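# Commentary on secondary and tertiary structure
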Amino acid sequence: MNLKDKLEELKEKGLEEIKNADDSKKINEIRVNLLGKKGPITEVLRGMRDLSAEERPKVGSFANAIKEELATAIAEKCEEIEIERTAKQLEKEKIDVTMPGFPVEEGQPHVLMQVIDEIEKLFIGMGFQIVDGPEVEEDHYNFEMLNLPPDHPARDMQDTFYINDRLLMRTQTSPVQARTMEVHDFSKGPLKMISPGKVYRRDTDDATHSHQFHQVEGLVIDKNITMGDLKGTLELVAKTIFGENREIRLRPSYFPFTEPSVEVDVSCFKCGGKGCSVCKQSGWIEVLGAGMVHPNVLKMAGVDSEVYGGFAFGLGPDRFAMLKYGVDDIREFYLNDVRFLSQFSQKG
């Protein structure tokens, strides 16, 4: 039997094996056996050294055609096997769309977002606008525009994440107020705004401190604004968040951007002001800081402090949530434990 006959015989045998293969593993074995370096076709072709120079290219061309035919047959069989495998898998895994679906548990806003939403709805109802601003802030707006020049000792009260000499992670949402005052057109009416958002300070995380937390800061600028306007606004906040029977008191304090400044306490919602462990037997709980906007802050924003005045306040939704729900560790809000978070209704 000459080489061409041997090659033809190997081709017919190979095509039959390819036809009968029923899985990817088997077809791969056939490919290696037929076309590999140690396969029968390669073995037959070693006999080409005994052929004449005239016959050798003809047999070589014939052998290449057979290899190409076998390779094509193998590729087609692989595709056929894959199609069959996919069809069987789809048949096995098909879904009966007429069957009732599985119930999907509906989530709810995070408890801190619930508190912020409640605060926003309250102030929108009073005609305030909600203003957002950058979390990566300029030192100019975060400190200098709020009456805190580079050498001001009050800067030491806030450990700050600086990115470079000019940029930082904002330590408060007050810079949003400074930016808004710069562009507000007071000829069209007063400025009434709150600026909720995340703030950052280099703090050691523990039960009552976090390097990241939330603030809602408010600002009102107009003619003839008084401390009475501030107190009335904060009383409404306290009654809305902590209950209608709550009262507030103002204690003198110090903030660089307000003068006079006050700390604001709310009557204890657990004991009603009689004294308990929550209020440390005082009957009052400190909840926020506030005051009348410092004239320097108005001047730096281009507002005439002889004509306009206003009040500002800042509260922490994290602290509000802790007080409202009796949570004793602020870290619980950030651990994403659904068992903890699902306790709080969507209404906040």
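This structure is a prediction, so every number in the text was calculated from the model and none was measured.

Below, the discussion takes up the packing of aromatic side chains. This model, assessed by the stated rule, comprises ten aromatic pairs. Measuring from centroid to centroid gives 4.9 Å for Phe123 and Phe128, while their planes differ by 70 degrees, and the two rings are edge-to-face. On the basis of relative accessibility, which here comes to 8%, the residue Phe128 falls in the buried class. A connected cluster of aromatic rings, assembled from ring pairs, spans Phe123, Phe128, Phe311 and Phe313. Directly above the ring of Tyr141 sits Arg179, whose terminal nitrogen or CZ lies 4.1 Å from the centroid.

Together, Asp156, Asp159, Asp203 and Asp205 give the surface a local cluster of negative charge. Note on placement: Asp205 falls in the loop between strand 4 (191-200) and strand 5 (212-222).

Moving on, we get to the side chain of Glu217. Locating Glu217 in the fold gives a position in strand 5. Arg201 provides the closest opposite charge to the buried, unpaired Glu217, separated from it by 6.1 Å. A distance of 2.3 Å separates the side chain of Glu217 from the side chain of Ser174, its partner in a polar contact. Residues in contact with Glu217, not counting those within four places in the same chain, are Gln172, Thr173, Ser174, Gln177, Met193, Ile194, Ser195, Phe313 and Gly314.

Pairing in this open sheet of seven strands is mixed, and the strands run 1-4-5-9-8-7-6 from one edge to the other. Strand pairing shows two members of the sheet lacking a second neighbour, strand 1 (129-130) and strand 6 (248-255), which therefore form its edges. Here two bridges tie strand 1 to strand 4, and the two strands are oriented parallel to one another. Note that in strand 4 the partner of Gln129 across the bridge is Met193. Packing of helix 7 (residues 174-183) onto the sheet brings it into contact with strand 4, strand 5 and strand 9 (309-315), and relative to strand 4 it is tilted by some 145 degrees.

All right, on to the domain arrangement of the chain then. Along its sequence, the chain is organised into domain 1 (1-91) and domain 2 (109-340). Relative to domain 2, the C-alpha centre of domain 1 lies at a distance of 79 Å.

For the rest of this paragraph, the subject is the environment of Val297. Looking at the secondary structure, you find Val297 in helix 9 (residues 295-300). Through-space distance from the C-alpha of Val297 to that of Leu146 is 5.5 Å; in sequence the pair is 151 residues apart. Sequence-distant contacts of Val297, defined by excluding residues within four places in its chain, comprise Met145, Leu146, Asn147, Met181 and Phe257.

Reading the values: the criteria
- Residues numbered from 1 in each chain as written.
- Predicted model: local features only at pLDDT ≥ 70, side-chain atom pairs only at ≥ 80, totals over all residues.
- Heavy atoms only, no water.
- Phe/Tyr/Trp six-rings, centres within 6.5 Å; stacked < 30°, edge-to-face > 60°.
- Buried < 20%, exposed > 50% of the residue type's maximum accessible area, 1.4 Å probe, protein only.
- Lys NZ or Arg CZ within 6 Å of the ring centre and 35° of its normal.
- Patch = residues over 30% accessible without salt bridge, like charges linked within 9 Å, V, L, I, M, F, W, Y side chains within 5 Å.
- Areas by Shrake-Rupley, 256 points an atom, 1.4 Å probe, with all protein chains shown as cover.
- Salt bridge = Lys/Arg side-chain N within 4 Å of Asp/Glu carboxyl O.
- Lys, Arg positive; Asp, Glu negative; His and termini not counted.
- Charge placed at Lys NZ, Arg CZ, Asp CG, Glu CD.
- Helix = DSSP H or I, 4+ residues; strand = E, 2+ residues; numbered from the N terminus.
- Polar contact = N/O pair within 3.5 Å; in protein donor to acceptor, adjacent residues only side chain to side chain.
- Contact = heavy atoms within 4.5 Å.
- Pairing = 2+ DSSP bridges.
- Axes fitted to C-alpha atoms, helices over the stretch in contact; angles between N-to-C directions.
- Domains from an automatic or database assignment.

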